[in-house]
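Close look at the chain arrangement
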Amino acid sequence: MTKKQEIKLFEDKKVRTAWDDEKEKWYFSIVDVCEVLTDSKDPQAYWRKLKQRLKDEGNETVTNCHALKMKAADGR
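Let me begin by describing the structure that accompanies this report. Predicted model only: the values in this text are computed from it and were never measured. (Residues numbered from 1 in each chain as written. Predicted model: local features only at pLDDT ≥ 70, side-chain atom pairs only at ≥ 80, totals over all residues. Heavy atoms only, no water.)

**A few points about helix 2 (residues 43-56)**
Taking 1.5 Å per residue, 14 residues should reach 20 Å; helix 2 reaches 20 Å between its end C-alpha atoms and fits that length. Every buried residue of helix 2 is listed here: Pro43, Trp47 and Leu54. The buried residues of helix 2 occupy one face: seen down the axis, they fall within an arc of 40 degrees. Exposed and oriented more than 90 degrees from the buried face of helix 2 are Arg53 and Asp56. Check the buried side of helix 2 and you find it contacts helix 1 (30-38). Phi turns positive one or two residues past the end of helix 2, at Gly58, with a value near 90 degrees. (Helix = DSSP H or I, 4+ residues; strand = E, 2+ residues; numbered from the N terminus. Expected span 1.5 Å × (residues − 1). Buried < 20%, exposed > 50% of the residue type's maximum accessible area, 1.4 Å probe, protein only. Arc of directions from axis to C-beta. Contact = heavy atoms within 4.5 Å.)

Dropping the structure here:
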């Protein structure tokens, strides 16, 4: 695994990341971050519901874009 796609550890939990050379920025898997911060049993469902609630409130920070492809925890 290269620097461009590494797994970071936060309190013994894995967080998938991707590095953008052009923008010199790290990107983090929001689903993994939700799991770390909430200890949710289903962090993907937690993020979907949170995103929907934010949109319903008129929050514009949640964009209408598709998820980036990142390696799954099982390596796929």
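Now, onward.
**Some points on the environment of Asp12**
With respect to the element layout, Asp12 can be found in the loop between strand 1 (7-10) and strand 2 (13-20). Between the C-alpha atoms of Asp12 and Val36, which are 24 residues apart in sequence, the distance is 9.2 Å.

**Some remarks on the pairing of strand 1**
Both strand 1 and strand 2 contribute to a ladder of four bridges, which runs antiparallel. Across the sheet, Phe10 pairs through a bridge with Lys13, a residue of strand 2. With antiparallel pairing between neighbouring strands as the criterion, strand 1 and strand 2 make up a hairpin whose turn holds two residues, including Glu11 at a positive phi of roughly 50 degrees. (Pairing = 2+ DSSP bridges.)

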